[in-house]
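One-letter residues, chain by chain:
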Amino acid sequence: MTHEAARLRLKTRLFAPVVVLSGVLGNYFMKLGMPGTLAFPLDYITVLFRPYVALGVLLLILWLLTRMALLSWADLSYVVPVTSVGYALTALAGQVFLHEAISLKHWTGIGLIVAGVSLVSGGTEARTFPAHAEETRR
Amino acid sequence: MRWLFVGIIVAATAAGEVLQAAGMRRHGEVRDFRPGAIGRTMAALARNRFVIAAVAAMAVAFFANLGLLSVADLSFAVPATAITCVLETVLAKYVLKERVNWLRWVGASLVICGVALVSL
């Protein structure tokens, strides 16, 4: 592995957990603060001022910004599977903190997700487009 | 109703993330994370058409997500929208021209199967 590839891999391994955790916690807090069905269009705005929903929104802004930073040096086809572990963690958060049962099927699914993430993050480079592409595409 | 929300989220998220990736690639690698540099990066991104379009698409996905969370369990809502993985991997190959090798296809396929098991 070249020095450049190793540098990008380290940077990716620092950012990916922040992307995953901010997404999981953001969605969890939004669900926690959700009052019920949003019947009217105005409800979609007023719900944003509920404390847990507002905290969820702040975390999702962090998710968006860190994901954008990650996409500035890594391929989308790398970032998508690597951060997909967040789908499983969100399901787990819903089940553990909102007291839903975790079935064998769920554990199998989580195992497959972790295996897929490991394959992509451990076996392929974060970036396949050339570094100078950004200069030539301006 | 909840599958309508899922459809909107999947379409808007896939479009948003491809636009985001294209915009960030044009911008170049973010290397400096000091507050002043982050401010300059944000100012530059606010003028990037791809990023503006991406944020608009993500806003649609966000409000659809709010609607979905109001009618569905968290453990359904988030995994169910993971079908975006498939769309985004295909779009990454054909729109962004990324080299998606067999390891990435296998990894993405495992993730998709896993997400399907978690969400069903």
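Quick notes on the rules
Residues numbered from 1 in each chain as written. Chains lettered and ligands numbered in written order. Predicted model: local features only at pLDDT ≥ 70, side-chain atom pairs only at ≥ 80, totals over all residues. Helix = DSSP H or I, 4+ residues; strand = E, 2+ residues; numbered from the N terminus. Buried ≥ 20, exposed ≤ 12 C-beta atoms within 10 Å, placed from the backbone. Contact = placed C-beta atoms within 7 Å. pLDDT = per-residue confidence, 0-100. Axes fitted to C-alpha atoms, helices over the stretch in contact; angles between N-to-C directions. Parallel < 35°, antiparallel > 145°, perpendicular 65-115°, else oblique. Left-handed = near helix turned anticlockwise from the far one by under 90°. Nonpolar A, V, L, I, M, F, W, Y, C, P; charged D, E, K, R; others polar. Expected span 1.5 Å × (residues − 1).

Describing the overall build of chain B
Move 1: Scanning chain B from N- to C-terminus turns up six helices and zero strands.
Move 2: The linear arrangement of helices and strands in chain B, starting from the amino end, is α-α-α-α-α-α.
Move 3: C-alpha atoms of chain B, sized along the principal axes, occupy 45 × 40 × 25 Å.
Move 4: Expressed as a percentage of its 120 residues, the buried residues of chain B come to 52%.
Move 5: The contacts in chain B between residues at least 6 apart in sequence include a share of 83% that link residues at least 24 apart.

Description of the interface of chain B and chain A
Move 1: In this assembly, 46 residues from chain B lie in contact with 51 residues from chain A.
Move 2: Counting only elements with at least two residues in the side of chain B that touches chain A, the list comes to helix H1 (2-27), helix H3 (49-71), helix H4 (74-80), helix H5 (84-94) and helix H6 (102-119) of chain B.
Move 3: Considering each element in turn, the side of chain B that touches chain A owes the most residues, 12 residues, to H6(B).

What to know about the confidence of the model for chain A
Residues and elements named next belong to chain A.
Move 1: Counting all residues, the mean pLDDT for chain A is 80, and 86% of those residues have values of 70 or more.
Move 2: Here helix H7 (residues 133-137) is the element of chain A with the lowest mean pLDDT, 44, and helix H3 (residues 51-71) is the one with the highest, 92.
Move 3: Within the model, the stretch residues 133-138 combines pLDDT values under 50 with seven contacts to residues more than four positions away or in other chains.

Overview of the packing of helix H4 (residues 76-83) of chain A against H5(B)
Move 1: Contact geometry of H4(A) with H5(B) gives a least axis separation of 8 Å together with a crossing angle of 165°. By the angle between their directions, the pair H4(A) and H5(B) is classed as roughly antiparallel. For the pair H4(A) and H5(B), the crossing hand works out as left-handed. Each of Leu76(A), Ser77(A), Val80(A) and Pro81(A) in H4(A) lies in contact with H5(B), whose residues at this interface are Cys85(B), Glu88(B), Thr89(B), Ala92(B) and Lys93(B).
Move 2: Here the contact of H4(A) with H5(B) is built from residues that sort into five nonpolar, two polar and two charged.

With respect to the packing of helix H1 (residues 3-33) of chain A against H3(A)
Residues and elements named next belong to chain A.
Move 1: The contact between H1 and H3 brings their axes to 7 Å, and the two run at 155°. With respect to each other, H1 and H3 are oriented roughly antiparallel. The two elements H1 and H3 cross, and the hand of that crossing is left-handed.
Move 2: Residues that form the contact of H1 with H3 fall into these classes: 18 nonpolar, eight polar and one charged.

Description of the environment of Arg13(A)
Move 1: In this fold, Arg13(A) is placed in helix H1.
Move 2: Distance from Arg13(A) to Leu70(A), taken between C-alpha atoms, is 9.9 Å for residues 57 residues apart in sequence.

Observations concerning helix H5 (residues 85-97) of chain A
Move 1: The end-to-end C-alpha distance of H5(A), which contains 13 residues, comes to 18 Å, matching closely the 18 Å that a straight helix rising 1.5 Å per residue would cover.
Move 2: Phi turns positive, to about 60°, at His99(A), one or two residues after H5(A).

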